[in-house]
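Structural features, examined
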Amino acid sequence: MRIIAGNYRGKKLFSPESDKVRPTADRAREALFNILHSSLEKDWSAYKLLDVFAGTGAFALEALSAAVALIDKDTRSLEKNVALFPKEKERISVYRQNVLSLPPSAGRYDLLFMDAPYNQGLSEPALRELAAKGWLKPGALCLVEVEKNEQLHIPACYEWQEERIYGLAKVIFLKYVSEPQQ
């Protein structure tokens, strides 16, 4: 695994220690960042990115000109990779949390990348939890990776934008549009 673009292009990352961690493929990450670069209105440094089910942290670390936060229950792999970027530590926050039972957020994020374990039904409740606990800014762009045949029931506070398939992965682009109804 490596960083594919930007100031840290080519920097090697630690691979996952567990077979339960399935990083987004380099080619898919590159394609997603190309889409983001062409669609974002401001420079990366103006955004805050939240990487949920972060695994190795590769997606968030690719976006290090933005402030990034990474959430996972098991942070061993991502903490090794975060340590490779000591000059960036003020931009990186790591949360060892269960995404399905988050505390209220102290800040809101403009961009979300979520890559839950495939076919376990975790993405929809995680999207609900992020909305309910105030982790996303209204209008936040959300990229949700699922297995290409997996169905995602999109909560009402999100709006479907488009989807792309990369090998075994499907990435669904959503926009966070409102607070959930109580």
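Coordinates for the structure precede this section.
**Here's the deal with the environment of His 37**
Here His 37 lies in helix H1 (residues 26-39). Look at His 37 and you get partly exposed, because its relative accessible area is 47%. Sequence separation of His 37 and Phe 85 is 48 residues, and the distance between their C-alpha atoms is 22 Å.

**Remarks on the pattern of salt bridges**
Under the definition given, this model contains six salt bridges. Among the ionic pairs, Arg 76 bridges to Asp 74, the shortest N-O distance being 2.5 Å. By relative accessible area, Arg 76 is classed as exposed at 52%. Close ionic contact of Arg 128 with Glu 124 constitutes a salt bridge, the shortest N to O distance being 2.8 Å.

**Looking at the packing of aromatic side chains**
According to the stated counting rule, one finds five aromatic pairs in the structure shown. An angle of 85 degrees between the planes, with centres 4.9 Å apart, marks the rings of Tyr 8 and Phe 85 as edge-to-face. With a gap of 77 residues between them, Tyr 8 in the segment before H1 and Phe 85 in the loop between helix H3 (76-82) and strand S3 (92-96) connect regions that are remote in the sequence. Ring centres of Tyr 95 and Trp 135 lie 5.5 Å apart, and the angle between their planes is 90 degrees; this geometry places the pair in the edge-to-face category. Here Tyr 95, found in strand S3, pairs with Trp 135, found in the loop between helix H4 (123-132) and strand S5 (136-147); they are 40 residues apart in sequence, far enough to count as distant. The class of Tyr 95 is partly exposed, set by a relative accessible area of 29%. For Trp 135, a relative accessible area of 3% translates into the label buried. Joined through ring pairs, the aromatic side chains of Tyr 95, Tyr 109 and Trp 135 make up one cluster.

**What about the side chain of Glu 150?**
Among the secondary structure elements, Glu 150 is positioned in the loop between S5 and strand S6 (158-166). Apart from residues no more than four positions distant in its own chain, Glu 150 is found in contact with Tyr 118, Asn 119, Gln 120, Gly 121 and Lys 170.

**So, the pairing of strand S4 (residues 109-115)**
Counted residue by residue, S4 has seven buried out of seven residues, so it is predominantly covered. Of the strand pairs in this sheet, strand S1 (residues 48-52) and S4 are connected by four bridges, and their pairing is parallel. Residue pairing for S4: Leu 49 is matched across the bridge by Leu 111. Bridge count for S4 against S5 is six bridges, and the pairing is parallel. Its bridge partner lying in S5, Asp 115 is registered against Glu 145. Handedness of the crossover joining S4 and S5 through H4 is recorded here as right-handed.

About the cut-offs
- Residues numbered from 1 in each chain as written.
- Predicted model: local features only at pLDDT ≥ 70, side-chain atom pairs only at ≥ 80, totals over all residues.
- Heavy atoms only, no water.
- Helix = DSSP H or I, 4+ residues; strand = E, 2+ residues; numbered from the N terminus.
- Buried < 20%, exposed > 50% of the residue type's maximum accessible area, 1.4 Å probe, protein only.
- Salt bridge = Lys/Arg side-chain N within 4 Å of Asp/Glu carboxyl O.
- Phe/Tyr/Trp six-rings, centres within 6.5 Å; stacked < 30°, edge-to-face > 60°.
- Contact = heavy atoms within 4.5 Å.
- Pairing = 2+ DSSP bridges.
- Right-handed = clockwise from strand over helix to strand, strands pointing away.

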